[in-house]
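Structural overview for review
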Amino acid sequence: MFIFRTAVENIRRHKRKSILFFMACLLLSLIMQVILINLQVTEREYLEIRRSIPVTGRVTNLTGTSSSRLVIPEKNIAAIENCDFLKDKLYQAPVWFTNHEIDSKDVRMNNSYYGLATNSAEATSYKEITWLEGESEKSLSDEELKIIVSKPLLEAENTSLGKDLDLYIHYQHCDAYDVISYDFSKQHTFRIIGFYTANDNEQDRQGADILVPYKAITALHKEEGRRYLMDGASFSLVDPAEINAVKEEMKKTGYLSIAPGAVPSRKGNALLFEDSTFIKTATNFEDNIRLNKIFLPVLLGALLVVIYLLVNMLMQSRREEYLLYRVMGMRRRSVGVLFCLEHILIALGGVIVSLILSMIMGGTSWMQGAILSLLVLLCICVGTMIALVSIGRNSLMLAVQKND
Amino acid sequence: MVRKSIKTLLRTPKMTFSFVLFLIFTSALLALGGNIISMVKSGSQKLDEVFTTIGVVSQEPWDTKRMEYYNAYFKKNEIYYEENYRPEISDSSLLIDEIEYIQTPWQRPYYGAHMKDYVLTRLESRNVDLDGLRDLIVEVTPVEDCTLVDTHLMKIEKIIFGYDSYSNMEIEVIGNDPEDTTMFYKDKKYIMCLMATVAPKEDGTLTHAFTPTMAAATTQYYNGEHTKAKFEFYDEVTEGFYEREEGKRWLELKDALQRQLETIPVLPADSTDSLLAFHKGKAYIEEGADLSVEEYESGEKVCLVSQAFARYNNLAIGDELELPLYYANYGTIPQKFFYTNSDNWYYDFGLLNKDNKAYPVFFQEKYRIKGLYTAVSGESWEDSMPMNGVVIPAKSVTAKDEDNIIDYGPMLEGNTTFQIQNGTVEEFMKNWQAYGNTQLEFEFYDKGYSLVEGSLKRMEKMAIIFSIVGLIMMVSLVFFFCNIFITKQRERAMIERLLGVSKKGVMISLLTGFLLFSAVSVGIGTGLGTALTGVFQEETRTEAIFDLTYSNINVDEANVYEQIPLTVDVREVLAVPIVTLLFIAVVAAIFARRIVRDSPLEMLGRREDL
């Protein structure tokens with residue numbers, strides 16, 4: 001108790017030095033807090049933008065002028081399908097149906113149903129889908145012969161949800177010039193697993209009459225020894241930060257970059273990522289985080305040296321006082337505790353005020369701030385102890401003689 | 001005296017070493033902070049050269065009506081929403097005192113240029129079944145007496161304009177006005193302007209069908225008013241029909257349709273960047289150079305041409321291209337009609353003027369090709385470029401287009417742009433909300449200025465931290481060490497004075513060593529700070545973190561960081577140590593003067609009292 005009272009008294013007695021030391025501790029601690037806040041805020045914002053800035057991609061032709069009505073090689077679709085970094089994968093291709101047998105060459109001119117072979121209900125602009133119990137959008141990933149139809153088709157065919165519908169599929173033929181034609185049809189039975197309706201606000205009335213799992217249509221074509229190729233594909237990234245890995249995978253598949261000067265074609269062999277916003281923003285953040293991380297240890301080290309030197313200097317200026325305590329009979333350990341306590345009390349005040357200020361600035365958490373404050377206090381303690389060891393080496397007699 | 005002063009300092013080596021170390025560190029911090037602030041300042045100046053912020057404006061409809069019409073295609077009533085934009089809000093309404101523009105808002109038309117002798121690239125993806133021209137003028141005879149409320153068969157007797165393959169075909173014709181009950185008689189001949197489409201037959205199969213096209217209407221905007229639209233897409237053909245006024249109108253329409261097929265869109269602009277496709281990087285100069293600010297301002301006869309158009313016509317940089325402009329369209333954007341990836345194009349404007357004549361050429365000049373651009377498909381109509389497009393300086397069109405306005409409409413995102421100072425979007429919107437018209441909607445595109453600006457601001461924040469730490473430490477250190485090295489030398493100074501050394505001599509003895517050590521320390525510190533700045537600069541110029549393959553970032557954008565060289569002003573680098581040394585000298589001189597000013601005897605007396 002005596003030591004604590006003396007320490008408080010000493011702080012009061014050395015008012016100027018105490019204020020100087022308090023200010024130094026406050027400033028140093030505050031700077032460290034600010035740097036830490038800056039780093040944390042930047043890292044937090046970066047994590048947020050990875051979630052909030054979507055990166056999407058789509059297959060295009062080589063000139064980049066078209067991302068629909070393409071002919072996309074199977075391996076290119078497989079690359080997207082097998083890539084774990086991608087989500088919201090959407091592939092589609094037209095498929096023509098009729099409820100009676102007709103010459104497939106005229107399929108687009110006759111009373112046919114325009115269908116989309118796809119893996120997602122996103123392929124239609126009509127969002128309100130009524131599903132058969134037990135069925136969901138996942139059903140479009142199956143190979144089973146299931147269909148989702150527009151309500152007008154349901155009415156026209158006088159059928160209902162859950163019933164089977166016999167339809168002729170008109171098989172695709174893709175020639176060497178990527179021109180699609182239809183040359184024969186075959187009847188299959190499809191189960192109606194859903195229907196969709198358009199509301200008045202939906203002005204786009206060009207939507208498909210039928211949605212069918214693309215794997216089912218592909219399998220049917222394979223049975224006939226034919227290829228069924230998607231005409232559009234798009235996706236988005238699960239974590240945009242993995243964009244390099246995605247691109248690496250796509251490069252291995254053989255996807256090309258857009259070459260605007262190339263001869264226009266329908267082949268879907270190029271990719272276009274809508275990633276400029278993400279890349280620009282993320283690069284910015286990565287730069288800042290890297291810089292902060294490079295300069296933070298430098299600055300921290302420098303600040304710690306400053307703390308040590310400051311404490312040492314203050315201790316040195318009180319060397320005579322130290323020796324006086326010793327001459328008066330105080331033990332070295334007690335004087336050490338007294339001086340340490342003085343510095344710790346002042347430093348504690350400084351770091352607490354800096355902690356409060358940094359909390360007001362709204363950055364770091366209490367826990368992190370407290371850890372940082374403890375680190376500052378530890379440095380001050382170490383600095384004080386080293387200085388005390390240095391002072392302790394002085395001869396008591398020398399001090400007495402000097403004062404005489 | 002100088003040697004003595006240095007010797008005195010060296011008597012306390014630990015203290016002097018601490019002083020030097022502190023000063024080096026502090027000077028390094030100050031130099032680093034100052035240099036980064038200088039870099040940020042230079043970067044901010046460069047930002048305005050590299051980035052532009054453009055705003056696009058579009059008018060909201062005054063009211064929207066729910067309408068119903070009979071769709072002969074589906075044989076049922078359909079609902080649609082009619083949006084009323086009239087009267088259109090003029091672009092001049094955006095000019096208010098509180099808002100400063102770099103480029104004032106301008107509702108940009110596009111001009112139609114008749115390029116008869118040139119090869120025009122055709123639509124890449126056209127509906128195979130309609131293969132080619134959709135519009136035709138034909139003489140037809142109804143198979144039976146009918147109205148056009150529903151689809152009816154008509155036999156093509158003669159093709160005035162359009163593909164010959166339709167000759168003698170029986171086609172389904174559908175009217176577009178369910179209230180038009182005009183009778184068409186099978187023993188009469190009619191001339192019609194139609195657009196090919198697909199329609200269901202009575203047996204359920206689909207067939208070619210033809211509907212009226214807007215091409216036959218008059219949509220001219222004259223004397224600030226819309227000409228009352230004439231939509232006469234049919235006429236009865238009688239003896240001597242083509243010699244009469246109504247017959248001549250059809251011949252004019254035929255010429256106009258043919259001319260439209262040979263027309264390319266010409267985009268007048270205040271700057272290339274004001275075209276959204278270029279601003280958003282969907283179009284860029286592939287060969288040659290962009291039009292300069294001076295060329296835009298002086299209205300020089302230079303142009304940018306689409307790469308495809310140039311390739312098809314063997315055009316190269318420096319070649320001349322004669323542009324006979326014959327109409328100006330303020331009603332829509334050219335991409336909707338001249339688009340590379342759509343088979344849904346159709347006329348939404350009429351080709352004849354109020355006098356039922358094809359529009360005459362109002363301006364014809366030769367333009368030198370300065371650059372060839374390439375465009376990829378944009379995310380919308382607005383940020384795409386039209387097929388065969390040519391960009392020219394707006395001021396180069398010296399003739400007025402007032403008699404040749406083929407259509408006029410509200411301001412649209414794709415045809416009305418303006419440029420404001422970077423970083424002033426919020427201020428703009430605040431002022432607009434206070435004084436502007438709420439019927440207008442804005443969107444801004446700044447090429448990522450706000451992001452880069454944010455990065456520079458964070459860098460500046462760091463620099464300010466360095467500077468504040470350095471500054472406070474410098475002040476504390478100078479006062480602290482002046483106290484130790486000068487004030488505590490009071491006794492030595494007193495003795496020197498008593499030994500007959502002049503005041504000036506004592507000052508020199510007190511200050512020279514201190515200032516010499518300070519100068520060396522500040523010098524080393526500044527050098528260290530500058531070296532650290534170099535590290536900082538290197539770190540800000542690292543290679544791309546993200547793979548740009550397949551990216552929609554174009555080459556110019558990808559190099560945006562390279563375009564902002566962060567340079568340090570040498571004068572500012574030198575200013576920091578000079579000011580620091582001056583400050584140290586002034587403070588030290590004040591401390592020394594306080595000692596020297598005292599009388600040595602008085603000081604001695606004080607010492608005795610002790």
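Residues numbered from 1 in each chain as written. Chains lettered and ligands numbered in written order. Predicted model: local features only at pLDDT ≥ 70, side-chain atom pairs only at ≥ 80, totals over all residues.

1. Description of the overall build of chain A
Under the convention used in this document: Segments assigned H or I by DSSP are reported as helices when at least four residues long, segments assigned E as strands when at least two residues long, and all are numbered from the N terminus. Exposed residues have 12 or fewer other C-beta atoms within 10 Å of their own C-beta, buried residues have 20 or more, and partly exposed residues fall in between, where C-beta atoms are placed from the backbone. Two residues qualify as a contact pair if the distance between their C-beta atoms, derived from the backbone, is within 7 Å.
Across its full length, chain A holds 11 helices and 10 strands. Residues counted as buried form 39% of the 404 residues belonging to chain A. The long-range share in chain A, meaning contacts at least 24 apart out of those at least 6 apart in sequence, stands at 81%.

2. Let's talk about the sheet that holds strand 21 (residues 416-420) of chain B
All names here are of chain B. Here is the rule we go by: We treat two strands as partners when DSSP finds at least two bridges between them. Inter-axis angles, ranging from 0 to 180 degrees, are taken between N-to-C directions of lines fitted to C-alpha atoms, where helices are fitted over the stretch in contact.
Spatial ordering of the open sheet is given by 4-21-1-22, a layout of four strands whose pairing is antiparallel. With partners counted over all chains shown, the strands left at the sheet margins are strand 4 (103-107) and strand 22 (440-445), one partner each. Across this sheet, the average inter-strand angle for adjacent strands is 20°, counted without regard to direction. Sheet topology note: the strand 1 (residues 53-59)/strand 22 ladder contains six bridges and is antiparallel. Each residue of the ladder has a partner; that of valine 56, found in strand 22, is glutamate 443.

3. A word on the UniProt feature "transmembrane region" (unreviewed entry) in chain A
We count it as follows: UniProt positions are given in the numbering used here, feature names are shortened, and annotations may be inferred rather than shown by experiment.
According to UniProt, the "transmembrane region" (unreviewed entry) feature falls on residues 20-41, 294-314, 335-360 and 366-389 of chain A. Structurally, residues 366-389 of chain A is divided into 100% helix and 0% strand, and its ends, taken at the C-alpha atoms, are 34 Å apart.

4. Things to note about the nonpolar core
Operational definition: Nonpolar cores are identified as sets of buried Ala, Val, Leu, Ile, Met, Phe, Trp, Tyr and Cys residues joined via C-beta atoms within 7 Å.
Leu211 of chain A together with Val266, Cys303 and Val390 of chain B are the most contacted members of the largest nonpolar core, which totals 155 residues. The contacts of valine 390 of chain B, once residues within four sequence positions are left out, are Ile264, Val266, Leu267, Cys303, Leu304, Val305 and Leu323 of chain B. Core analysis: the second largest hydrophobic core is formed by 88 residues, Ile11 of chain A together with Phe22, Leu477 and Phe591 of chain B among them.

5. Thoughts on the packing of helix 8 (residues 319-327) of chain A against helix 9 (residues 332-360) of chain A
Residues and elements named next belong to chain A. What counts here: In what follows, roughly perpendicular refers to angles from 65 to 115 degrees, roughly parallel to angles under 35, roughly antiparallel to angles over 145, and oblique to any angle outside these ranges. Note: crossing handedness is left-handed where the near helix turns anticlockwise from the far helix by less than a right angle, and right-handed where it turns clockwise. Asp, Glu, Lys and Arg are counted as charged, while Ala, Val, Leu, Ile, Met, Phe, Trp, Tyr, Cys and Pro are counted as nonpolar; the rest, among them Gly, fall into the polar class.
One can describe the packing of helix 8 onto helix 9 by two numbers: an axis separation of 9 Å at closest approach and a directional angle of 140°. Comparing the axis directions of helix 8 and helix 9 gives the class oblique. Classified by chirality, the crossing of helix 9 by helix 8 is right-handed. In contact with Tyr322, Tyr325 and Arg326 of helix 8, helix 9 contributes Arg332, Val335 and Phe339. Across the contact of helix 8 with helix 9, the residue classes tally to four nonpolar, no polar and two charged.

6. Observations regarding the confidence of the model for chain B
Condition: Scored from 0 to 100, pLDDT reflects the predictor's confidence in each residue.
In this model, chain B carries an average pLDDT of 82, and 86% of its residues clear a pLDDT of 70 or more. In the predicted structure, residues 123-132 of chain B sits below a pLDDT of 50 and forms 18 contacts with residues beyond four places in sequence or in another chain.

7. Some details on the environment of proline 94 of chain A
Residues and elements named next belong to chain A. Position of proline 94 among the secondary structure elements: in strand 2 (residues 86-98). Put simply, proline 94 and methionine 230 are 136 residues apart on the chain and 8.1 Å apart in space, counted from C-alpha to C-alpha. Aside from chain neighbours lying at most four places away, what touches proline 94 is Tyr114, Gly115, Leu116 and Asp231.

8. What to know about the environment of leucine 515 of chain B
All names here are of chain B. By the secondary structure assignment, leucine 515 is in helix 10 (residues 503-540). Looking at leucine 515, the number of C-beta atoms within 10 Å reads 17, which means it is partly exposed. Sequence separation between leucine 515 and isoleucine 584 is 69 residues; the distance between their C-alpha atoms is 7.6 Å. Among all residues touching leucine 515, those that are not within four sequence positions of it are Ile584, Ala585 and Ala588.

9. Brief notes about the pairing of strand 7 (residues 180-197) of chain A
Residue and element names in this part refer to chain A. Relative to strand 7, strand 4 (residues 128-131) is paired through four bridges, and the arrangement is antiparallel. Bridge pairing in strand 7 places isoleucine 129 opposite tyrosine 196. Note that strand 5 (residues 146-150) and strand 7 share five bridges and pair parallel. Bridge pairing in strand 7 links lysine 146 to arginine 191. As judged from the 11 bridges shared by strand 6 (residues 164-174) and strand 7, these two strands associate in the antiparallel manner. Its bridge partner being in strand 7, aspartate 164 is matched across the sheet by arginine 191. Two successive antiparallel strands, strand 6 and strand 7, enclose a turn made up of five residues, where aspartate 178 displays a positive phi of approximately 65°.

10. Considerations on the pairing of strand 14 (residues 263-269) of chain B
Residue and element names in this part refer to chain B. Summarising burial for strand 14: seven of the seven residues are buried, a large majority. Alternating positions in strand 14 separate into two faces, Thr263, Pro265, Leu267 and Ala269 on one and Ile264, Val266 and Pro268 on the other, with burial throughout. The pairing of strand 5 (residues 110-114) with strand 14 spans four bridges and is classified as antiparallel. Bridge pairing in strand 14 links tyrosine 111 to valine 266. The pairing of strand 14 with strand 19 (residues 390-393) spans four bridges and is parallel.

11. Focus: unusual backbone geometry
Residue and element names in this part refer to chain B. Positive phi, normally seen in glycine, also occurs at asparagine 223, with a value near 55°. Its location among the elements puts asparagine 223 in the loop between strand 11 (221-222) and strand 12 (225-226). Although it is not a glycine, asparagine 356 sits at a positive phi angle of roughly 60°. Relative to the helices and strands, asparagine 356 resides in the loop between strand 17 (320-330) and strand 18 (363-375).

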